[in-house]
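# Summary of structural features
Listed below, chain by chain, are the residues.
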Amino acid sequence: MDDNTRTAPGPWPEPVTVDKADPRYPDLVGRGVNARFPAAPAAIGLPATAGQVVRLVQDAVDTGRRLAVRSGGHCFESLVDHPEVDVVIDLSEMKAVGFDPETRAFAVEPGASLGALYRTLFLGWGVTVPAGRCPEIGVGGHVPGGGGGALSRRYGLSVDHLYGVQVVVADGSGRARLVTATREPGDPNRDLWWAHTGGGAGAFGIVTRYLFRSEEAEGRGLLPPAPAAVTKKTARWSWDDLDETRFVALVRAFGRWHERNSAPGDPGAQLDNSLTLPRAGGGEITLETAVDAGRPDAAEQADALIAEVCRAAGTTPEVAADTRPFLAATLVPDEFAGVKGRFKSKAAFLRACWDEDAVARLYRRLTDRSGYQHPAAAFYLLSHGGAINAVGEGETAMAHRDAVLKAYGSVFWWDEREDDVHLGWIRETYHELFADAGGVPDPGRGYGGAFVNYADADFTDPELNRSGVPWHRLYFRGNYARLQEVKGRWDPREVFRHALSVRPPGV
Ligand SMILES: Cc1cc2nc3c(=O)[nH]c(=O)nc-3n(C[C@H](O)[C@H](O)[C@H](O)COP(=O)(O)OP(=O)(O)OC[C@H]3O[C@@H](n4cnc5c(N)ncnc54)[C@H](O)[C@@H]3O)c2cc1C
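Analysis parameters
- Along each chain, the written sequence defines residue order, and numbers are assigned to residues from 1.
- In keeping with the model being predicted, local features are shown solely for residues with a pLDDT of at least 70 and side-chain atom pairs are shown and tallied solely at 80 or more, while totals for entire chains, interfaces and linings include all residues.
- The side-chain numbers reported here are obtained from all heavy atoms of the structure, hydrogens and water having been left aside.
- When a carboxyl oxygen of Asp or Glu lies within 4 Å of a side-chain nitrogen of Lys or Arg, that pair is called a salt bridge.
- We count a stretch as a helix when DSSP gives it H or I for four or more residues in a row; a strand needs E for two or more, and each element gets its number in order from the N terminus.
- The buried label applies to any residue whose accessible area, calculated with a 1.4 Å probe on protein chains only, is under 20% of its type's maximum; exposed applies above 50%, and partly exposed to all values in between.
- Two aromatic rings, drawn from Phe, Tyr or Trp (for Trp, its six-membered ring), form a pair once their centres lie within 6.5 Å of each other, and the interplanar angle then sorts them: stacked below 30 degrees, edge-to-face above 60, tilted otherwise.
- A ring has a charge above it when a Lys NZ or an Arg CZ is no more than 6 Å from the ring centre and no more than 35 degrees off the ring normal.
- Values of pLDDT, which run from 0 to 100, indicate the predictor's confidence residue by residue.
- A contact between two residues is defined here by any heavy atoms of the two lying within 4.5 Å.
- Only protein atoms enter the calculation, which uses a 1 Å grid: trapped sets of points that fit a 1.4 Å probe without letting it out are cavities, open sets showing protein on both sides within 12 Å along at least five of seven lines are pockets, and any residue with an atom within 4 Å of a point is a lining residue.
- Grid points are joined across faces, edges and corners, and a volume is the space filled by probe spheres set on the points.
- Residues are sorted three ways: Asp, Glu, Lys and Arg are charged, Ala, Val, Leu, Ile, Met, Phe, Trp, Tyr, Cys and Pro are nonpolar, and all the rest, Gly among them, are polar.
- The split of the chain into domains comes from an automatic or database domain assignment.

## Re the pattern of salt bridges
When their charged atoms lie close together, side chains carrying opposite charge are able to pair. Counting across every chain of the model gives 35 salt bridges. Between Asp 272 and Arg 133 there is a salt bridge; the shortest N-O distance is 2.5 Å. Of the two residues, Asp 272 is situated in strand β11 (residues 272-278) and Arg 133 in the loop between α3 (114-125) and α4 (139-142); the sequence distance between them amounts to 139 residues. Residue classification places Asp 272 among the buried positions, given a relative accessible area of 9%. When the shortest N-O distance is used, the salt bridge between Lys 344 and Asp 458 registers 3.3 Å. One end of the pair, Lys 344, is in strand β14 (residues 342-350); the other, Asp 458, is in the loop between α11 (419-433) and α12 (471-476), and 114 residues separate them in sequence. A relative accessible area of 6% means that Asp 458 is categorised as buried. Here the salt bridges do not stand alone but share partners, grouping Glu 77, Lys 344, Lys 346, Arg 427, Asp 456 and Asp 458 into one network.

## Considerations on the packing of aromatic side chains
Applying the stated criterion to the full structure yields 26 aromatic pairs. Taken together, a centroid distance of 6.3 Å and an interplanar angle of 20° make the contact between Tyr 210 and Phe 212 stacked. A single burial state applies to Tyr 210 and to Phe 212, both of which are buried. The interplanar angle of 70° and the centroid separation of 5.6 Å between the aromatic rings of Phe 459 and Tyr 475 together place this pair among those described as edge-to-face. Note that Phe 459 is positioned in the loop between α11 and α12 and Tyr 475 in helix α12, a separation of 16 residues in sequence. Overall, the relative accessible area of 5% leaves Phe 459 in the buried class. Members of the aromatic cluster, joined through ring pairs, are Trp 354, Tyr 430, Phe 434, Tyr 447, Phe 459, Trp 471, Tyr 475, Phe 476 and Tyr 480. Above the plane of the ring of Phe 459 lies Lys 346, whose end atom (NZ or CZ) is 5.4 Å from the centre. Directly above the ring of Trp 194 sits Arg 482, whose terminal nitrogen or CZ lies 3.7 Å from the centroid.

## Here's the deal with the confidence of the model for the chain
Low pLDDT means the predicted coordinates in that region are not meant to be read closely. With 97% of its residues at a pLDDT of 70 or more, the chain has an overall mean of 95. Predicted confidence is poor over residues 1-6, with pLDDT under 50, and the contacts of this stretch with residues over four places away or in other chains come to 16 contacts.

## Some details on empty space enclosed by the protein
With the rule as written, the count across this model stands at 1 cavity of 30 Å³ or more. Considering only enclosed or pocket space, the largest cavity measures out at about 70 Å³ in volume. Lining the largest cavity, in full, are Arg 133, Gly 148, Gly 149, Ser 152, Leu 157, Phe 349, Ser 383, His 384, Ile 388, Met 398, Lys 406 and Phe 451. Residue composition of the lining of the largest cavity, grouped by class: 5 nonpolar, 5 polar and 2 charged. Residues from two domains meet in the lining of the largest cavity; each of domain 1 (4-223) and domain 2 (229-478) gives at least three.

This is the structure:
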């Protein structure tokens, strides 16, 4: 349905447009977290209502200017801050979180941060949406990629609780309009809702409102309850305690535990775990598990995981335990809060842990001091699976429903002159980890593909991706053709496009 009439009044009656001469420009232009991508769009549009977004999009289409949209600014790549973008539509002032009685769903505007979402849903209703670990991320760009974090093994991904989206689209004649699309079986716009359950942000239109309500809600509350408190247990190893053999045993024990304890409903799926593997000289190897403090059975699972990994590594470090109330445990600022440096991240879904050879190669890359000396680089293994894998590959656009881990590597630096050396290190390391699949996590060769929220444009570059596996198979697997159909219906002119956006059929 067309929905121009249901937009709430905003603080200003007209969309604010800021050009380069405007004193507000520097604050708005610099909101992206990655300093590798400077930007200088001719204008930044600052809407306060969905109706104002329609007007800004219409204006860009009518004047032939390329647009991009920003919510929280946490994009890894130059999908927003790009030299060809003329107008950035910045949604940071559309940040309301509340309950919409008409749809019986929680209505969340895209400029709300995940931290604001967690806080308002918890304090107002005691509920939550499973979403990312970093509270500064914007809801706007997070949810259409799938969205997931600390509670996902227990409750699934953000999109598994997405009832609907309100989206500004531009049709084949170039007319911008506001559309609501829900998961209701009879909704004629259901395909547009589906595309927003993992098809990636910024590819179909501009989302002006997300509606959250769990599918199995009847009699159970509209969204999952948040835990009252969270217990985190942390074990740390110094690099001095681990030679290659012990390192391989430690990482493989963590991975094998996830292979055995990640089926939907498995008691171990109550745990959210991470294993941080920094470069030698950049910190300690750290295993952290987080559980609902009200679940003693889950705490036992956490102890068993830590004991298993310690046994494999042949060393028994002190284990620190810390219990905090839900918000205190959740609203922990991320490493980029207030810091804007240069970084490159590369990630993959794993259906099983890397084999011994791959982990040994990772050990050598992390410990090698012969050439690369930089300490601010790390790989992480993050738990996946559990309730995430209770959903079928095509039920949502997020196809990655068979992985047990996410692997994530990142390097951070300040000086532009060092770009090549850092980019080279992380690209080579990643390539070595997936050497048996052409350097990418090919779903056809046992891996799980890649996560579109962890945007990595390397996959689109034939110089950097020589595997023969197209970027969209890594991100969308078997769902890509259907996503292309949705794109053809809702954005045939590709008004909304960037390096990782779904293309219309035949393109
Ligand atoms: C430190 C850090 C930690 C992270 N942790 C997690 C995590 O735990 N789990 C996880 O799933 N992801 C995580 N991410 C990835 C994050 O979810 C994505 O980068 C997400 O796209 C960021 O959304 P944003 O609105 O903040 O970013 P933006 O830079 O504003 O936008 C990112 C993309 O979304 C598009 N977009 C933004 N708003 C809209 C909108 N309203 N409508 C349509 N398109 C829009 C943009 O055009 C762009 O393509 C993390 C990222 C960082 C930097």
